[in-house]
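One letter stands for each residue in the lines below.
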There are 2 protein chains.
Amino acid sequence: MSVVRVDLEAPENRAKAIRREADEPRSQLVKFGPDKPLRLDAGVDLSPFQIAYMTYGELNARKSNAILVCHALSGDQYVASEHPVTKKPGWGETLIGPGKPIDTNRYFVICSNVLGGCMGTTGPASRDPKTGEPYGLSLPVVTIRDMVRAQAMLLDHLGINTLLCVTGGSMGGMQALQWAVSYPERAFAVLPLATAARHSAQNIAFHEVGRQAVMADPEWRNGRYLVEGRNPSRGLAVARMAAHITYLSDAALHRKFGRQLQDRQALTFGFDADFQVESYLRHQGSSFVDRFDANSYLYITRAMDYFDLAGEHGGVLANAFKGTRSRFCVVSFTSDWLFPTSDARQIVHALNASGASVSFAEIETDKGHDAFLLDEPELFAITRGFLESAARSRGL
Amino acid sequence: MSVVRVDLEAPENRAKAIRREADEPRSQLVKFGPDKPLRLDAGVDLSPFQIAYMTYGELNARKSNAILVCHALSGDQYVASEHPVTKKPGWGETLIGPGKPIDTNRYFVICSNVLGGCMGTTGPASRDPKTGEPYGLSLPVVTIRDMVRAQAMLLDHLGINTLLCVTGGSMGGMQALQWAVSYPERAFAVLPLATAARHSAQNIAFHEVGRQAVMADPEWRNGRYLVEGRNPSRGLAVARMAAHITYLSDAALHRKFGRQLQDRQALTFGFDADFQVESYLRHQGSSFVDRFDANSYLYITRAMDYFDLAGEHGGVLANAFKGTRSRFCVVSFTSDWLFPTSDARQIVHALNASGASVSFAEIETDKGHDAFLLDEPELFAITRGFLESAARSRGL
């Protein structure tokens, strides 16, 4: 018996591994055939399509202990397990796992890769069955509502009618809010973190910079880079670098790096990464392109730009939540300037106006937007308490 | 006699016009020969070199009414007159001109293109006399202190010993502060706007994104694009787009654009500029590359990154201003998140600690960092009052 060892560190193998995940993910997978098309907001049906997902813990007999965790822009279904390509721990392991605030000893946790993603759910890197080639830009633009519609089909497949809770941060929070609006009877509790009911002009602007960086890369080839065996990695790295700054706070960057130099005693009077913060950002850019598809980046940022819950309801956000019986807990972070507390307050005001049960916590931290992914004891306590209360009310 | 009309709108003519300005600017010009080298912080002498500048108003007999206006990253010497290539009004015409707060009927205003710039002062687009080709990256990296050293040589050339005032916003404010430190006896009054005594980690990070965007463009050719007849315009446009967001505030973007669509009634489910803010940003990017040199962008952002007045003085900012007899007025804007009021406070505290005469104004506005360039009545009143007081004290 011969064993072939694959060196995952080699860039060409990384690229192959990532491409394989888009069609044949190592996670669980459900395929929807022509009989079950996904109706998209763009006005077309997507069929066939597939959803890649992970589950943790056990679904109880009454199927009443399921929690859907929705991931953010650059996340995936590996919320509490090692990423199959990067071999890094799950992105949500601080919050989710046995004994953790989202306790997988107690709850059945589901996390699916979003529609438009690149880790196994249908997205622009997936093979279009009609052509046998990756979709690229021939995939219709998708919305947060489309992502949630696909997740609802996954729940149907799993035989789960009503979630105990739907939660997520940033774009994950948008999905949680969309759940409360699209399927209010299916979400007993809703826990949106560091998010907004509509993407702001400034945030659309930052996304547009990222997309322009990708599309300015000649290797992007009008989105056909996979077919042509190329990769707009430099453009995507620049996009990620710009975005990454917005996930942190000025204070966190100052605390972590300040003006400290990178492995040198003095300025070099050149364009190398003299400062630690430059070196850190470059690393963020280059490690991202190892695990993410550039077209997925375009599609998912676009979905966030298009998100506007009030817009779907005559411009009045409270109307979106009219008659909801879900209970809500809305969380923001003081140093988050991408989704500032004022965004959370708009959600809370609308929920109050619609007579919903809502609590609100603004957590004091200097960690910026990314705080929802980090070690934040107050977030942990709030999450644990909110879920326990919901579980009690549901007779768990 | 035949008249050849040049269509400045044609991109190739714009490119030629910009290239000509780098060596033969339409403004005033002083050339320093081998007898007067500029000693750079990088440890080398730059020689020969030249400074392009504009003056407005008349120098009085005592040469006591001169005000040096220092420009920001993307500015130039055309502070109060039409730009020779874009034909747009001067960038500082709200503040500077006959009867304006910096009154050219009363004061002699000097504005020079910074060292490393591309409008006639020696920079990477200038012809290196040793090779006959543009410097590109063979020009040493320059600092804010180098820029100020060059300005001091310009003042020597003009026969002006002591400025009535040195002022500027953003990088212009850095130069004003550097004047107070390098040549305290030559600056009677100092008026730094929307600036800091050191570039923050977040600001270095944003600059690094811009540089990476330029350098990721294959047309950049390791900085040799001018020699090779290319132009990294897509990379520079992305850099400018990212930077432009930081010059505004979330509130200003919301007020100006919100989520309004651009010349359309509904979302197009594509990657065109659906939103006005996207269209606006793209315009900012494309119009910038028509008038700016990509390598200059690298050099000037680097100069700002390197700026750290306290660092030059044992980490204690007050030491930088020790014994100063200049009078200061420091101005910040409430919605400026690039150079927030906390940065201005650090300067004011250090000036107070060093016993300097200093006043401080934080102006309430939602216009963000760019407020120093805009129609801000409170800024106008402060500038007028501070200059009048300085002029009176100097017996004008």
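Quantities reported herein were computed from a predicted structural model and do not represent experimental measurements.

## Comments concerning the overall build of chain A
- What chain A contains, in helices and strands, is eleven helices and twelve strands.
- In terms of C-alpha radius of gyration, chain A reaches 21 Å, essentially the compact-globule figure of 21 Å for 396 residues.
- Each principal axis of the C-alpha atoms in chain A carries an extent, and together these give about 60 × 50 × 50 Å.
- When the 396 residues of chain A are sorted by exposure, 56% land in the buried category.

## What to know about the pairing of strand β10 (residues 187–193) of chain A
All names here are of chain A.
- Counting buried residues along β10, seven of its seven residues qualify, which places the element largely inside the surrounding structure.
- Sheet analysis places strand β9 (residues 163–169) next to β10, joined by six bridges and oriented parallel. Bridge pairing in β10 places Val166 opposite Val190.
- Following the backbone out of β9, through helix α3 (residues 171–182) and into the adjacent parallel β10, one traces a crossover that is right-handed.
- Relative to strand β11 (residues 327–333), β10 is paired through three bridges, and the arrangement is parallel. Within the sheet, the bridge partner assigned to Val190 lies in β11 and is Phe328.

## Quick word on the nonpolar core
- With 262 residues, the main nonpolar core has A:Val109, A:Cys165, B:Val109 and B:Cys165 as its most contacted residues.
- Once residues lying within four places of it in the same chain are set aside, the contact partners of B:Cys165 are B:Ile67, B:Phe188, B:Ala189, B:Val190, B:Leu191, B:Leu387 and B:Ala390.

## As for the interface of chain B and chain A
- Facing 43 residues of chain B, the contacting portion of chain A comprises 43 residues.
- Counting residues per element, the ones that place at least two in the side of chain B that touches chain A are α4 (201–216), α5 (233–247), α6 (250–256), α7 (276–289) and α8 (294–306) of chain B.
- Here the side of chain B that touches chain A takes eleven residues from α4(B), the largest share from any one element.
- Looking at the side of chain B that touches chain A residue by residue, the class counts come to 25 nonpolar, seven polar and eleven charged.

## A closer look at the sheet that holds strand β8 (residues 108–112) of chain A
Residue and element names in this part refer to chain A.
- Read from one edge of the open sheet, eight strands run β1-β4-β8-β5-β9-β10-β11-β12, paired in mixed fashion. With one partner strand each, in any of the chains shown, β1 (28–32) and β12 (357–363) form the two edges of the open sheet. Averaged over all pairs of adjacent strands, the angle between strand axes in this sheet comes to 20°, irrespective of strand direction.
- Where strand β5 (residues 66–70) and β8 come together, three bridges link them in parallel fashion. Counterpart to Ala66 in the pairing with β8 is Phe108.

## Concerning the sheet that holds strand β11 (residues 327–333) of chain B
All names here are of chain B.
- As summarised here, the arrangement of the eight strands in space is β1-β4-β8-β5-β9-β10-β11-β12, forming an open sheet in which the pairing is mixed. Each of the sheet's edge strands pairs with one partner strand only, and the pair in question is β1 (28–32) and β12 (357–363). Neighbour-to-neighbour, the strand axes of this sheet turn through a mean angle of 20°, independent of strand direction.
- The pairing of β11 with β12 spans seven bridges and is classified as parallel. Bridging from a neighbouring strand, Val330 pairs with Phe360 of β12.
- Lying on the sheet, helix α3 (residues 171–182) is in contact with β5 (66–70), β9 (163–169) and β10 (187–193); it crosses β10 at an angle near 150°.

## Structural notes on the packing of helix α5 (residues 233–247) of chain A against α4(B)
- In contact at an axis separation of 10 Å, α5(A) and α4(B) are set at 165° when each is read in the N-to-C sense. Taken as axis vectors, α5(A) and α4(B) run roughly antiparallel relative to one another. Relative to α4(B), α5(A) is oriented so that their crossing is left-handed. Taking contact as the criterion, the partners of A:Arg234, A:Gly235, A:Val238, A:Met241, A:Ala242 and A:Ile245 in α5(A) are, on α4(B), B:Gln202, B:Ala205, B:Phe206, B:Val209, B:Gln212, B:Ala213 and B:Ala216.
- Of the residues belonging to the contact of α5(A) with α4(B), the class tally is nine nonpolar, three polar and one charged.

## A closer look at the relation of the copies chain B and chain A
- The transform that puts chain B on chain A rotates by 180° and translates by 0.0 Å along the axis, for an RMSD of 0.0 Å. Taken together, these values place the two copies in the relation of a two-fold axis.
- When the interface residues of chain B are mapped onto chain A, 100% of them again lie at the interface, so the same face is used by both copies.

## Examining unusual backbone geometry
- That bond from A:Ser47 to A:Pro48 is cis: its omega, -10°, falls within 30 degrees of zero.
- By the element assignment, A:Pro48 lies in the loop between β3 (45–46) and β4 (49–56).
- Of note in the backbone geometry, B:Lys63 takes a positive phi value of approximately 55° without being a glycine.
- With respect to the helices and strands, the residue B:Lys63 is situated in the loop between β4 (49–56) and β5.
- Residues other than glycine seldom take positive phi values, yet B:Ala194 does so here, at roughly 45°.
- You can see B:Ala194 is positioned in the loop between β10 and α4.
- Since 30 C-beta atoms lie within 10 Å of it, B:Ala194 is described here as buried.

## Details of the pairing of β8(A)
All names here are of chain A.
- Most of β8 sits inside the fold, with five of its five residues counted as buried.
- Here β8 shows two buried faces, one formed by Phe108, Ile110 and Ser112 and the other by Val109 and Cys111.
- Two elements, β4 and β8, share four bridges in a ladder whose sense is antiparallel. Within β8, the position partnered with Tyr53 by the bridge is Ser112.

## A few points about helix α4 (residues 201–216) of chain A
- Look at α4(A): 22 Å from first C-alpha to last across 16 residues, which is about the 22 Å you get at 1.5 Å a residue.
- Taking burial as the measure, the 16 residues of α4(A) include 15 buried ones, the bulk of the element.

## Considerations on the environment of B:Arg198
- Within the secondary structure, B:Arg198 sits in the loop between β10 and α4.
- C-alpha of B:Arg198 to C-alpha of B:Leu317: the two residues are 119 residues apart in sequence and 9.6 Å apart in space.
- Excluding residues within four positions of it along the chain, B:Arg198 makes contact with A:Arg259, B:Phe307, B:Asp308, B:Leu309, B:Ala310 and B:Gly311.

The rules behind each value
- Residues numbered from 1 in each chain as written.
- Chains lettered and ligands numbered in written order.
- Predicted model: local features only at pLDDT ≥ 70, side-chain atom pairs only at ≥ 80, totals over all residues.
- Helix = DSSP H or I, 4+ residues; strand = E, 2+ residues; numbered from the N terminus.
- Rg over C-alpha atoms; globule rule 2.2 N^0.38 Å.
- Buried ≥ 20, exposed ≤ 12 C-beta atoms within 10 Å, placed from the backbone.
- Pairing = 2+ DSSP bridges.
- Right-handed = clockwise from strand over helix to strand, strands pointing away.
- Core = buried A, V, L, I, M, F, W, Y, C linked by C-beta atoms within 7 Å.
- Contact = placed C-beta atoms within 7 Å.
- Nonpolar A, V, L, I, M, F, W, Y, C, P; charged D, E, K, R; others polar.
- Axes fitted to C-alpha atoms, helices over the stretch in contact; angles between N-to-C directions.
- Parallel < 35°, antiparallel > 145°, perpendicular 65-115°, else oblique.
- Left-handed = near helix turned anticlockwise from the far one by under 90°.
- Least-squares fit on C-alpha atoms with pLDDT ≥ 70 in both.
- Expected span 1.5 Å × (residues − 1).

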